[in-house]
Amino acid sequence: MGVTDGRRHDERTDAELLAARGDGDAFAALVRRYVRGGTLLAAQLLGDADDAEDVVQDAFTVVHRNARRFDAERPFGPWFFAIVRRLASNRRARDLRRRRLLLRWTHSGSAPVAVPAHEDAIAARLDAAAARDAMRVLSPMQRACFELAVVRGFSTEEIAAMHGISESTVRQHVFRARAALRDALDPDQHT
Amino acid sequence: MTDLFDTTAIQDDPEHWDTLAARITSHVAQRGSTLDWLAHSRAGFFAACFAVAASLAFLMSVPRPPSTLNASVAWTTALTPADDVAKAMLERQAPPAIESLLFPQRSEAP
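The rules behind the values
Residues numbered from 1 in each chain as written. Chains lettered and ligands numbered in written order. Predicted model: local features only at pLDDT ≥ 70, side-chain atom pairs only at ≥ 80, totals over all residues. Helix = DSSP H or I, 4+ residues; strand = E, 2+ residues; numbered from the N terminus. Buried ≥ 20, exposed ≤ 12 C-beta atoms within 10 Å, placed from the backbone. Contact = placed C-beta atoms within 7 Å. Core = buried A, V, L, I, M, F, W, Y, C linked by C-beta atoms within 7 Å. Bend = angle between axes of the 7 residues up to and from the residue. Nonpolar A, V, L, I, M, F, W, Y, C, P; charged D, E, K, R; others polar. pLDDT = per-residue confidence, 0-100. Axes fitted to C-alpha atoms, helices over the stretch in contact; angles between N-to-C directions. Parallel < 35°, antiparallel > 145°, perpendicular 65-115°, else oblique. Left-handed = near helix turned anticlockwise from the far one by under 90°. Expected span 1.5 Å × (residues − 1).

1. Quick notes on the overall build of chain A
Then step 1. Along the backbone of chain A there are nine helices and zero strands.
Then step 2. Shown N-terminal to C-terminal, the secondary structure of chain A runs as helices and strands in the order α-α-α-α-α-α-α-α-α.
Then step 3. Within the span of chain A, comprising 191 residues, buried residues form 36% of the whole.
Then step 4. Within chain A, residue pairs in contact and separated by at least 24 positions form 64% of the contacts whose partners lie at least 6 positions apart.

Here it is in structure tokens:
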């Protein structure tokens with residue numbers, strides 16, 4: 001299941017759907033097509049499902065408002081995911097400012113910092129204790145690409161558009177993550 | 001590089017995404033329709049012009065502030081003559097007869 005799940009409902013291209021956004025069904029089809037990828041991307045960037053859904057809603061509002069500026073010759077996905085990344089970054093910066101202000105007012109000793117929980121969550125899905133150890137050695141982007149590709153089933157092209165990186169970089173991250181996990185799960189394979 | 005968080009706690013079934021998509025579509029349509037109508041339709045343009053004209057008319061029809069009125073009354077009172085001769089000259093169109101000014105009782109008698 002990938003970004004383009006909603007395509008089964010409407011055969012029109014993204015640009016055609018956006019151009020016909022006055023037709024409620026067209027815009028709804030576009031939202032269905034990208035809501036999953038946008039929300040998962042925002043959740044990876046923010047660490048909170050509710051915040052992610054808010055950001056995606058704002059992103060679609062921006063898309064609807066600025067549809068006339070969209071260049072129909074270019075793909076819609078990268079444009080949309082860039083909006084999601086920017087809005088998520090703004091929200092993250094705002095939350096950080098608020099947290100600092102709160103700390104200043106309460107004179108608390110330490111900030112409640114959210115910790116990425118990739119290791120435990122993905123390892124639990126894979127049901128392998130060794131995977132947990134292997135995931136710890138992966139970089140955040142390797143873990144994110146691995147999760148989107150292996151756990152969520154997104155294509156390399158989709159992940160590249162979501163994170164604004166090249167497809168070869170995505171392939172490299174996933175390849176290295178797989179290799180690290182393989183080593184961790186079967187350490188005797190090289191002996 | 002910023003931290004990237006785990007998303008495995010997020011529901012990943014089609015029903016969840018359909019519900020979320022419907023909610024977002026409804027929200028965007030609600031916001032977009034009002035803004036689009038005002039920004040792009042001819043009726044919206046006329047409605048905006050009418051609103052501006054009505055606001056201007058309202059502002060112009062509002063009576064002057066009481067402080068200005070009070071000042072005007074105060075000036076009028078101060079400049080109005082207090083003696084009978086001056087008042088008689090002020091109230092009539094033509095100058096009064098000298099007799100009426102000199103002998104007011106006689107002139108008022110039948």
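There's more to say after this.
2. Some words on the overall build of chain B
Then step 1. Each helix and strand counted, chain B has six helices and zero strands in total.
Then step 2. What you see in chain B, going N to C, is helices and strands ordered as α-α-α-α-α-α.
Then step 3. Within the span of chain B, comprising 110 residues, buried residues form 9% of the whole.

3. Side note on the nonpolar core
Then step 1. In this structure, V31, A42, V55, V56, A59 and V84 of chain A are the most contacted members of the largest nonpolar core, which totals 50 residues.
Then step 2. Those elements giving two or more residues to this core turn out to be α1 (14–19), α2 (24–46), α3 (49–65), α4 (76–106), α7 (140–151), α8 (156–163) and α9 (167–185) of chain A together with α1 (14–40) of chain B.
Then step 3. In terms of residues, this core owes the most to one element, α2 of chain A, which gives 13 residues.

4. A look at α2 of chain A
Then step 1. At Y34 of chain A, α2 of chain A shows its maximal kink, close to 45 degrees.
Then step 2. Within α2 of chain A, 20 of the 23 residues are buried, which leaves it mostly tucked inside the rest of the structure.

5. With respect to the interface of chain B and chain A
Then step 1. Taken together, the 21 residues of chain B in the interface contact 35 residues of chain A.
Then step 2. Among the residues forming the side of chain B that touches chain A, the class breakdown is eleven nonpolar, five polar and five charged.

6. Comments concerning the confidence of the model for chain A
Residue and element names in this part refer to chain A.
Then step 1. For chain A, mean pLDDT is 82; residues scoring 70 or higher make up 76% of the total.
Then step 2. Mean pLDDT values over the elements of chain A span from 55, in helix α5 (residues 118–126), up to 95, in α8.
Then step 3. Contacts from residues 111–115, a stretch scored under 50 in pLDDT, to residues over four places away or in other chains number three contacts.

7. Focus on the packing of α2 of chain A against α3 of chain A
Residues and elements named next belong to chain A.
Then step 1. Look at α2 against α3: their axes get within 8 Å of each other, and the N-to-C directions meet at 135 degrees. With respect to α3, the element α2 is oriented oblique. In the packing of α2 onto α3, the handedness of the crossing is right-handed. Side by side, α2 and α3 meet where F27, V31, V35, G38, T39, A42, A43 and L46 of the first sit next to A49, D51, A52, E53, V55, V56, A59, F60 and H64 of the second.
Then step 2. Tallied by class, the residues present in the contact of α2 with α3 amount to twelve nonpolar, three polar and two charged.

8. Comments concerning α3 of chain A
Then step 1. Compared with the 24 Å implied by 1.5 Å per residue over 17 residues, the 24 Å span of α3 of chain A between its first and last C-alpha is a close match.
Then step 2. Within the sequence span of α3 of chain A, burial applies to A52, V55, V56, Q57, D58, A59, F60, V63 and H64 of chain A.

9. Some points on the confidence of the model for chain B
Residues and elements named next belong to chain B.
Then step 1. Considering every residue of chain B, the mean pLDDT works out to 75; 71% of them sit at 70 or more.
Then step 2. When mean pLDDT is compared element by element in chain B, α1 scores highest at 81, while helix α6 (residues 104–108) scores lowest at 60.
Then step 3. Scored as a complex, the prediction yields pTM 0.63 and ipTM 0.74.

10. As for the environment of F81 of chain A
Residue and element names in this part refer to chain A.
Then step 1. For F81, the position within the fold is in helix α4.
Then step 2. Sequence spacing of F81 and V56 is 25 residues, and the spatial spacing of their C-alpha atoms is 9.4 Å.
Then step 3. Leaving out residues up to four positions away in the same chain, F81 has contacts with G38, L41, A161, M162 and G164.

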